[in-house]
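Single-letter residue listing:
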Amino acid sequence: MDWRKCRSFQEAKARELILKEAPSFHPRFFLALDVSYARGYAFTAALLYDALTGKEVEKKDAVSRVNIPYVPTYLSFREIPPILRLLSSWDVSWDCLLCDGQGVMHPRRFGLASHLGWLLKKPSVGIAKSALCGSFSPPGPEKGDHSPVTDKEGSLLGYVWRNRACTKPVFVSPGNLISFEKSLDVVRMVSGRYRVPLPLHRADKMTKESRKGAQV
DNA sequence: GCGACAG
DNA sequence: ATCTTGTCGC
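This report concerns the structure included in the present document. (Residues numbered from 1 in each chain as written. Chains lettered and ligands numbered in written order. Predicted model: local features only at pLDDT ≥ 70, side-chain atom pairs only at ≥ 80, totals over all residues. Heavy atoms only, no water.)

Residue position: S36 is located in strand β1 (residues 29-38). The exposure class of S36 is buried, given its relative accessible area of 7%. A distance of 3.5 Å separates polar atoms of two side chains, one belonging to S36 and the other to R211. Setting aside residues up to four positions removed in sequence, S36 forms contacts with Y41, A42, F43, T207, K208 and R211. (Helix = DSSP H or I, 4+ residues; strand = E, 2+ residues; numbered from the N terminus. Buried < 20%, exposed > 50% of the residue type's maximum accessible area, 1.4 Å probe, protein only. Polar contact = N/O pair within 3.5 Å; in protein donor to acceptor, adjacent residues only side chain to side chain. Contact = heavy atoms within 4.5 Å.)

So this is what it looks like as structure tokens:
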């Protein structure tokens, strides 16, 4: 991997992101994505969630070989190949992507959710379980409590969001084609009762389930 | 130079 | 992320 080229790529493409939704953006169907690893294989899961009924509509998983290592700030280069492989073999449509990782809350404003949203030209939101960059004050203890995450210059990067009372908060940021405010609304729509928003919680379970039943 | 560092 | 036992709380 040529990380210098990856870095230039991130810097260039981050300028093409649109942190604003279309006027007609009223998302109902969300596609949650997650990937887990074992013995050189990536176990990818995608789950289509209907926020109106609160139920999952469809789901699919896939297994791929992985060579690219995890290097902080370059996660998307490792996860996107297996994710695209799954999506290309599946006829599914959705309004917004939910990714297990950062959106623009990234040193070069181009985390996994942004990279995917940019590639697919679709709205996306990044939801990460820990911080990669930025500073913030801890949000209150109740579900829904949140505080802004900013960079050194004071620009907004996203929010630290308490998805469940008295539990470690998650980091929410827009990926592409959605605003900061709307990305928080999206998380409210799919929050559920776990630490991580429901669709992503389920996608994570799928990923581990497919790994358990793998003969590789 | 040192520490931090999504999954 | 993964490895890995018990343990605390609803």
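So much for the structure itself; the text now carries on.
A few words on helix α1 (residues 3-14). Under the 1.5 Å per step criterion, the end-to-end length of α1 is 16 Å for twelve residues, consistent within 8% with the ideal 16 Å. Looking at α1, one finds that the buried residues are C6, Q10, K13 and A14. Along the axis of α1, the buried residues cluster in a sector spanning 100°; they form a single face. Exposed and facing more than 90 degrees away from the buried side of α1 are R4 and K5. Looking at the packing, one finds that the buried side of α1 touches α2 (75-88) and α3 (112-120). With a side-chain oxygen lying 3.1 Å from the backbone nitrogen of R4, the N-terminal cap of α1 falls on D2. (Expected span 1.5 Å × (residues − 1). Arc of directions from axis to C-beta.)

On to the environment of H106, then. Following the sequence through the fold, H106 ends up in the loop between β4 (96-100) and α3. For the pair H106 and E181, spaced 75 residues apart in sequence, the C-alpha separation works out to 18 Å. Engagement of the side chain of H106 in a polar contact is seen with the backbone oxygen of T73, the distance being 2.9 Å.

A few words on the nonpolar core. In this structure, F30, L98, V125, I127 and V172 are the most contacted members of the largest nonpolar core, which totals 31 residues. Within the residue set of this core, elements represented by two or more residues are β1, β2 (41-50), β4, β5 (124-128), β7 (156-161), β8 (170-176), α4 (180-189) and α5 (198-212). When sequence neighbours within four positions are dropped, the list of residues in contact with F30 reads L47, L48, Y49, A51, C96, L98, V186, M189 and V190. (Core = buried A, V, L, I, M, F, W, Y, C linked by side-chain atoms within 4.5 Å.)

Now for the pattern of salt bridges. All told, the structure shown has nine salt bridges when counted by the stated rule. We note a salt bridge from E209 to K212, for which the minimum N-O separation is 3.5 Å. In this pair, E209 and K212 both sit in helix α5, three residues apart, roughly one turn of the helix. Residue classification places K212 among the exposed positions, given a relative accessible area of 64%. Ionic contacts of the salt-bridge type, sharing partners, join the residues E56, K59 and R202 into one network. (Salt bridge = Lys/Arg side-chain N within 4 Å of Asp/Glu carboxyl O.)

Around DNA strand C, the surrounding shell consists of S36, Y37, K129, K208 and R211. Considering the 4 Å shell around the protein, atoms of DNA strand C inside it are sugar or phosphate in 100% of instances. Between a phosphate oxygen of DNA strand C and a side-chain N or O atom of K129, the distance comes to 3.1 Å. Among the elements of the structure, β1 and α5 are those that each provide at least two residues to the surface near DNA strand C. Residues belonging to the surface near DNA strand C are distributed by class as follows: one nonpolar, one polar and three charged. (Near = heavy atom within 4 Å. Nonpolar A, V, L, I, M, F, W, Y, C, P; charged D, E, K, R; others polar.)

Attention now goes to the protein's contact with DNA strand B. Residues in contact with DNA strand B amount to 17 residues; listed here are only the nearest, Y70, T73, Q102, L112 and K129. Within the backbone of T73, a nitrogen or oxygen atom sits 3.0 Å from a base nitrogen of DNA strand B. Between DNA strand B and Y74, the relevant distance is 3.5 Å, taken from a base nitrogen to a main-chain nitrogen or oxygen of the residue. Of the residues in the surface near DNA strand B, the class split is eight nonpolar, six polar and three charged.

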